[in-house]
Every structure is written in C-alpha cells, then in structure tokens.
Amino acid sequence: MRVEFVRLDGERLTLVLALEKGGAADCLHLGARLPASECLAALAAARTRGRHESQPDVPPCPGLLPERKAGWGGTPALEIRRGGAQIATDFRVSEWEVDGSGIAVTFADPAAGAEVIVRWQISAGDVLRARLEITNTGDTPLELDRLAALALPVPARFTEMTSYSGRWAAEMQEHRRAIRPDGLRRESTIGKPGFGGAGWLLLHAGQEALGAHLGWSGDAWLTIEPDAQGAGDGRAMLLMGAAWDAGTVTLAPGTRFETPEAVIALAPDRSALAQAFHAHMRSGVLPARAAWGARKVHLNSWEALGFDLSDAGLIALAESAAGLGIERFVLDDGWFGGRRNDGTSLGDWFVSDAVFPQGLGPLIARVHALGMDFGLWVEPEMVSPESDLYRAHPDWCLHAEGRERATMRGQLVLDLTRAEVRDYLFGCLDGLLRDHAIAYLKWDHNRDLFPAAGQRLGQTEGFYALLDRLRAAHPQVEIESCSSGGGRIDFGVLTRCHRVWPSDNNDPIERLRIMRAWSQFLPLEVLGSHVGPSPNPITGRRTTMDFRAKVALFGHMGVEADPARMSEKERECLAAHIALYKDWRSVLHNGALHRLAHPDPNVTGMMVTHCDKALALAAQTAFSPEFDAAPLRLAGLEPQARYRVTLPEPWSPKARHYLANPDAWRNGLVLSGAALMTQGLALPLTHPETAWLIALETIA
Ligand code: GLA
C-alpha cells in the first residue's frame, strides 16, 4: 500500500494529510505555512519512530477516524450497532477528493455495512471546518450511538489547555492546565451548550493558541486523551461532537447522518486567535453579515420595569430612552397572556388585554414616533403548566410517561420534535410579526431540558427548523439568542441569529471578564452589552455610571435600567457614552480585537484597530498594589506609523485628578506605533472601578 500526501494551504496555515488507500488517514502537519518546496515524504519520515517493545506489532494509526482496532485504546470517533449488537469497526480509506482548500476522505467498512466521510475545509481566517457523515450501506437499520464531528490528532507541541465552565450570571470561566497526564472528558446533558461547556476549548503551545468549537446548540461532548496507553504515537487525540442517548438515532438502509460542524483555528497568540474566529464569523457564520447596518443602541425593559408593565409606564420609559439617544426599544418578558410573574402563561403568545387594552399598536407607534424601532421578548420553546396552551395540550411537553413532570423556573419544555408543536409556535410568532412592526426578537430559553425523553438531538433539530422557518418568512427581523444570559451561544445558533446575550450579569466588573472570555471566539458586534442599574440587582455592587457605560460601550451597546431613576448627571454621562459608541461602533464592529496585557491582573485591557483608527478600553477592577501602575502597552499598531492619541471625555471623576497634563490628553499626543506598543501610556489606573477609553487616529 502506498501513502500519498495532500497539502492544503490557508493564508498562514498549512495542513498536510497522509492518506493510504485501504489504510488510514493521518494529519502530518497543522500549523505555520510551509514553503511550497517542502518535501512531504521527508516531513513524514521526520516524525516517524520505530516500534517500542510492548507495542502492537503494527502500531495503530487512529488518525482522522480513531477506532478501537489494532490495539488503540482511546475513545472511538463512532459507535454503531446492528440488531442491538456492537460492531467492532474497521474503516479504511477508499478514496478522497480535494476541492480547493477542502478535502473529503471516504472510509468504508463493507463488513459493518457503513461508509464514513471526513470533511475538512480551510476557510476565511484560516479556520478549519470539520464534520463527519455516515451512511448505512447495509440492508438492515444501523443504530448510531456516537459520531464525532472532529477527530484531531493534536500536534505534539500543544501541551496545555483551557477549558470552560460557568453558571448563571458567571459564564465562560477559564481553567488552564496541562493536557497530560489525564486529559479531559466533558459532556453536557442539559440540552444546550450551557454557560461554558463542552463546546469550547483552547490548546496552548507557549503563546501559540489553537481554539476548537462545536457549532451546535444542543448537548455536546468533548474528549482530549493523551496517548497514555502508549499504543499511538505520543500525540493526544481531541474529539468533539453532538451528544445523544444511545439507541435514539437509527439509520434506515441507504440513509445518512451528518454531524454539526466543528471549527478549529490556530494563531500565534490569543489576540490573533480571536481575530481568526471573528473573520470566520463575519464571512462564514453570521447571516448576511456584509449587509448589516449600524448596531442600534437598545433599551430593554427588563431591569427597568420587570413584570410591572403598563402602556403608560412603557411609553414613559420609551420617552426617556429616546432622550438618551437610544435607537431600539425592547419590550421584555410580561407582555402576553396572564404573565404577571414568571410562574405562568408561557405558550400563550397573545398580547395581554390587561396590560395593553388597545394592543401593542399605541406603544409601537409612540416608539416609532420617537425615532426608535421596536423589539420583543419571546420564549417559544417553553410552556407554563399554568397556561391555556398546557391545559389544551398537556402532552405537548417533553415528558416520560408515568413520571413526574419536574419544572424549572416553574416551566416545562415543549417537544419540538412534534410538527404540530412547531406549527403552533410558528403560527403565534408569524402572527405577531405580521401584525406588528417588530424589528427584533429576543429569543429566550430559560430552563434545562429534562427529562430529555430520548429527544436530545431531535429537540435542537426542531428548534433550528422552527427558527429557520420563521427567518425565511421574516428575513428582515433581527434575532438574539438568549438563554438566561449566555446559556445557548454557539456558531450553530449564530448562523441564524444576529446577537447573543452574553450574561444576565450587567455588573461591569463581572461583565468585563465575561466579555473578554466570549470575545475570544465572538466579535463585539454580536455581544449584547448593557448599562444596568446601580446597585446591580445580581451582585449588589454599586458602580459609577462612567464605569458602567465605558464597559458597555465595548460590545453591542444597550441600556437595561430606568433613566427616570438616574440622576441628571448620570443621564448626561450615559448620553455622552451613547454618543461615543455611535462615533466608534464602525471601528468596534469591523475591526481587529486585541487583548491587552498588563502586569496587574486587575487591569482588563482590550483594543480594536480598524483602518486608520483604534479604540482601547483600560479598566481597573480592584485596588492596585502600586501607586503608579505600569503603563498600558497598546497592540496591533503599525510600528512606524504616527498616531494622535486622545482620551475621549467624559473622564471618570475618581481618576481624572490623577491625570497629568489633561490638556495634552484632550488635544492629543502624537506618538509612533512602536512607542505605544513598547513604552505604552501611563494612565492613572489605581482606583478600583475606573476605566479609560483611548482613541487613536493615524496622522500623515
Ligand atoms: C431571562 C433573560 C433575562 C430576561 C428574563 C425575563 O432570565 O436572560 O434577560 O429576559 O429571562 O424573564
């Protein structure tokens, strides 16, 4: 048998595969772009060792499709059964097809009656997109218990990893550790990605970072296994896939199953990695991204009014919102059925007569007259036991016959695998969008899916089908994915949505960490970022308007507080930051994000460069151990270019009197990119809960 090599190139990336007809497919190189003259056979020879004692006589090659054969002991990429009996698979490469920067490798196992195709494609931002497909080529049903979307033999230089965990209001907590000796095994079971889970991973080789993500809005699994048994070649194996319960996916003869897409990006550091994912999101994931207009400033009624809704109260809120420069007014929970608290009426998607005696028309008309567009909150996949819908269709929720219907937040989950349930929801939502000028839906999902009742996969497919149908009928409506904050954020939902709600936690100190974590994968234009009230309802922390507004500006800005309860000074400060956001959003939402490093772990710095402009945020979250904090070094600038550097006002009252030469900062200091990136700027970063914006403009 003859090994052949296939080389695929991105802009800075080369992928080399070794393929053997009748044998295995392996990844020889994934990393820096190789010279065109590189000898691929020599590359293979350079990484091949002889056999050790006590290894199988022919060392197994798990490669792109790891199986339990020939002595390999890790988690297999697929598990299949026929007639209930587990099949010991032996898939071998039968053919491959290269198309530009993509490859499809077909593996066949005639004895098992199945064929698998591994598809890898390098796309914009040098992001590698991967998915697997299996076809039942036998003549009896094939039970599919597991199929990874991606199997990657991890290049050996990656020795550390960062995994994520989270909880409500504390999304995407990072955990960095060595890959060896015990690897990582994660699986979510709540029917959605969750607040930080199995769908996100970073691998580290010094500064170099590899990010991996599964674009799927349901349960996911992930394993990274060091080659502990010694039966491989020393590399760890990374597997990611959608998770479902064994016995719930069966393929009829001749049918196929395709996994969701996994994506991998590699970059010299974490800023470049963020930029790679953002480029991919902008060109290949977000719906019609190139046609997006400016991201409007939201005002959301939730933290301003909660369930205390009335026509008059909402109109008053809209009027004060318009005075701040708000561009979209969003009516959150509480507008429908008998929903006066969170224990009732989910499923009854009809405008409440009690709250809106004349319907939503007068409110929407007023919002429009004030120059804003109108958005609405919905939570379509849920039903309250206390609702007309549940009384009419008690069997429409996910449940196990004869078992307790356990609630969470007082609600149950509708079974979206049922066409009649999807039709009902489509009818309600379509009616709302036809009858009212609604520019945006905040699509919420506030509980875990239990019991899954065998529908872990089908529920997410049903959600996508409903969302796709609604979007096809109303393509102009923007949709946000919210799930008690960031419980359902992934590239699968983001092929269908325009915004996510990263967290219910609007406390700027918490939010800074959460935004920094999400922005490793997602660009700022999709990350909702709101100014909340002080004290914050979740943390109880009091922060100044200046600090809250500066932090909120670095995202898709909004307000989630009642301007009527702010002081005149706070309103002025907020309006000034909204105006700044409008000036800078084309930079923030199209540029390259840089994560700024600072020796004080309590300083969070981020910066976006775009064309001849840049804006940075430097925020101090806790008291500095130093009188004179280290200067903030900027990033992403042209070393030889000259920049005018200003600190846009308003300035934090707490920090402004520590600022030397205020006039110089107002008029602008002219410095080279080299000076800004090596020496940096000595800002007064000592007082907790203060932040600075730094504006840069290239000068000729
Ligand atoms: C969830 C969302 C919030 C808000 C409430 C309304 O918690 O994350 O933003 O919409 O539901 O009930």
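Quick caveat, the model's predicted, so the values are computed rather than measured.

Cis geometry is adopted by the peptide bond preceding Pro-181, which originates at Arg-180 and carries an omega value of 0°. With an omega dihedral of -5°, the bond running from Phe-450 to Pro-451 counts as a cis peptide bond. Looking at the element boundaries, Pro-451 is found in the loop between strand 27 (440-443) and helix 8 (456-473). One non-glycine residue, Cys-611, adopts positive backbone phi at about 50°. Along the chain, Cys-611 falls in the loop between strand 33 (603-610) and strand 34 (613-620).

One pass over the full model with this rule turns up 54 salt bridges. A salt bridge links Glu-133 to Arg-256, with the nearest nitrogen and oxygen atoms 3.0 Å apart. Pair noted here: Glu-133 is in strand 9 (residues 127-136) and Arg-256 is in strand 20 (residues 256-258), with a separation of 123 residues, a long-range link. In this structure Glu-133 comes out as buried when scored by relative accessible area, which is 6%. On the basis of relative accessible area, Arg-256 is assigned to the partly exposed category, the value being 48%. Note that Asp-373 is salt-bridged to Lys-296, the shortest N-O span being 2.9 Å. On the criterion of sequence distance, the pair formed by Asp-373 in strand 24 (residues 373-378) and Lys-296 in the loop between helix 2 (270-285) and strand 22 (298-300) is long-range, its members being 77 residues apart.

Another aspect to go through is the environment of Arg-656. By the secondary structure assignment, Arg-656 is in helix 12 (residues 653-656). Through-space distance from the C-alpha of Arg-656 to that of Leu-683 is 9.8 Å; in sequence the pair is 27 residues apart.

Along any regular strand, the residues point their side chains to alternate faces of the sheet. Among the eight residues of strand 34, seven are classified as buried, and the element is accordingly described as predominantly covered. Two strands pair when backbone bridges link them, and strand 33 and strand 34 are joined in this way by eight bridges, in the antiparallel orientation. Directly across from Gly-605, in strand 34, lies its bridge partner Ala-618. Here strand 33 folds back onto strand 34 in antiparallel fashion, the turn holding two residues, of which Cys-611 has a positive phi close to 50°.

Moving on, we come to the domain arrangement of the chain. Along its sequence, the chain is carved into domain 1 (62-269), domain 2 (289-586) and domain 3 (594-699). Computed from C-alpha atoms alone, the centre-to-centre distance between domain 2 and domain 3 is 34 Å. Listed per partner, the contact involves 22 residues of domain 2 and 29 residues of domain 3. Here domain 2 meets domain 3 over a buried area of about 2000 Å², counting both sides, of which 74% is carbon and sulfur. Considering only the surface of domain 2 that becomes buried against domain 3, Arg-516, Phe-554 and Trp-584 emerge as the three largest contributors, covering 36% of it. For the pair domain 2 and domain 3, the interface holds zero salt bridges. Seen at the junction of domain 2 and domain 3, the total is four residue pairs in polar contact (both at pLDDT 80 or more). Broken down by secondary-structure element, the contributors of at least two residues to the side of domain 2 that touches domain 3 are helix 9 (508-518), helix 10 (545-553) and helix 11 (568-588).

With that settled, the discussion passes to the site of the ligand. In the vicinity of the ligand, 13 residues are found, and the nearest of them are Asp-332, Asp-333, Arg-409, Lys-442 and Asp-504. Within the side chain of Asp-332, one N or O atom sits 2.6 Å away from an oxygen atom of the ligand. Within the side chain of Asp-444, an N or O atom sits 3.0 Å from an oxygen atom of the ligand. Protein contacts shield 97% of the accessible area of the ligand, which totals 310 Å² for the unbound molecule. For the shell around the ligand, the per-class residue count stands at four nonpolar, three polar and six charged.

Looking now at the state of the cysteines. For the structure shown, the criterion picks out zero disulfides. Cys-397 forms no disulfide, and the closest cysteine sulfur to it belongs to Cys-428, at a distance of 17 Å. Overall, the relative accessible area of 2% leaves Cys-397 in the buried class. Overall, Cys-428 belongs to the buried group, its relative accessible area being 8%.

What follows concerns the pairing of strand 8 (residues 114-123). In terms of residue burial, strand 8 counts as a mostly covered element, since seven of its ten residues are buried. In this sheet, strand 8 lies alongside strand 7 (residues 102-109) in antiparallel orientation, the contact comprising eight bridges. Note that in strand 8 the partner of Ile-103 across the bridge is Trp-120. Connecting strand 7 to the next strand, strand 8, in antiparallel fashion are four residues, including Gly-113 with a positive phi near 70°. Where strand 8 folds back onto strand 9 in an antiparallel hairpin, the turn is made up of three residues, including Gly-125, whose phi is positive at roughly 80°.

Before going further, it helps to examine the sheet that holds strand 36 (residues 669-672). Pairing is antiparallel in the open sheet, where six strands are placed in the order 32-33-34-37-35-36. Edge positions in the sheet fall to strand 32 (592-596) and strand 36, since each has one partner strand and no second. For this sheet, the mean inter-axis angle between neighbouring strands, taken without regard to orientation, is 25°. Bridge count for strand 35 (residues 642-646) against strand 37 (residues 690-699) is five bridges, and the pairing is antiparallel. Within strand 37, the residue paired with Arg-642 across the bridge is Ile-699. Helix 9 contacts strand 32, strand 33 and strand 34 of the sheet and is inclined by roughly 45° relative to strand 33.

What counts as what
- Residues numbered from 1 in each chain as written.
- Predicted model: local features only at pLDDT ≥ 70, side-chain atom pairs only at ≥ 80, totals over all residues.
- Heavy atoms only, no water.
- Helix = DSSP H or I, 4+ residues; strand = E, 2+ residues; numbered from the N terminus.
- Salt bridge = Lys/Arg side-chain N within 4 Å of Asp/Glu carboxyl O.
- Buried < 20%, exposed > 50% of the residue type's maximum accessible area, 1.4 Å probe, protein only.
- Pairing = 2+ DSSP bridges.
- Domains from an automatic or database assignment.
- Contact = heavy atoms within 4.5 Å.
- Buried area = accessible area lost by both parts, 1.4 Å probe.
- Polar contact = N/O pair within 3.5 Å; in protein donor to acceptor, adjacent residues only side chain to side chain.
- Near = heavy atom within 4 Å.
- Areas by Shrake-Rupley, 256 points an atom, 1.4 Å probe, with all protein chains shown as cover.
- Nonpolar A, V, L, I, M, F, W, Y, C, P; charged D, E, K, R; others polar.
- Disulfide = S-S within 2.5 Å.
- Axes fitted to C-alpha atoms, helices over the stretch in contact; angles between N-to-C directions.

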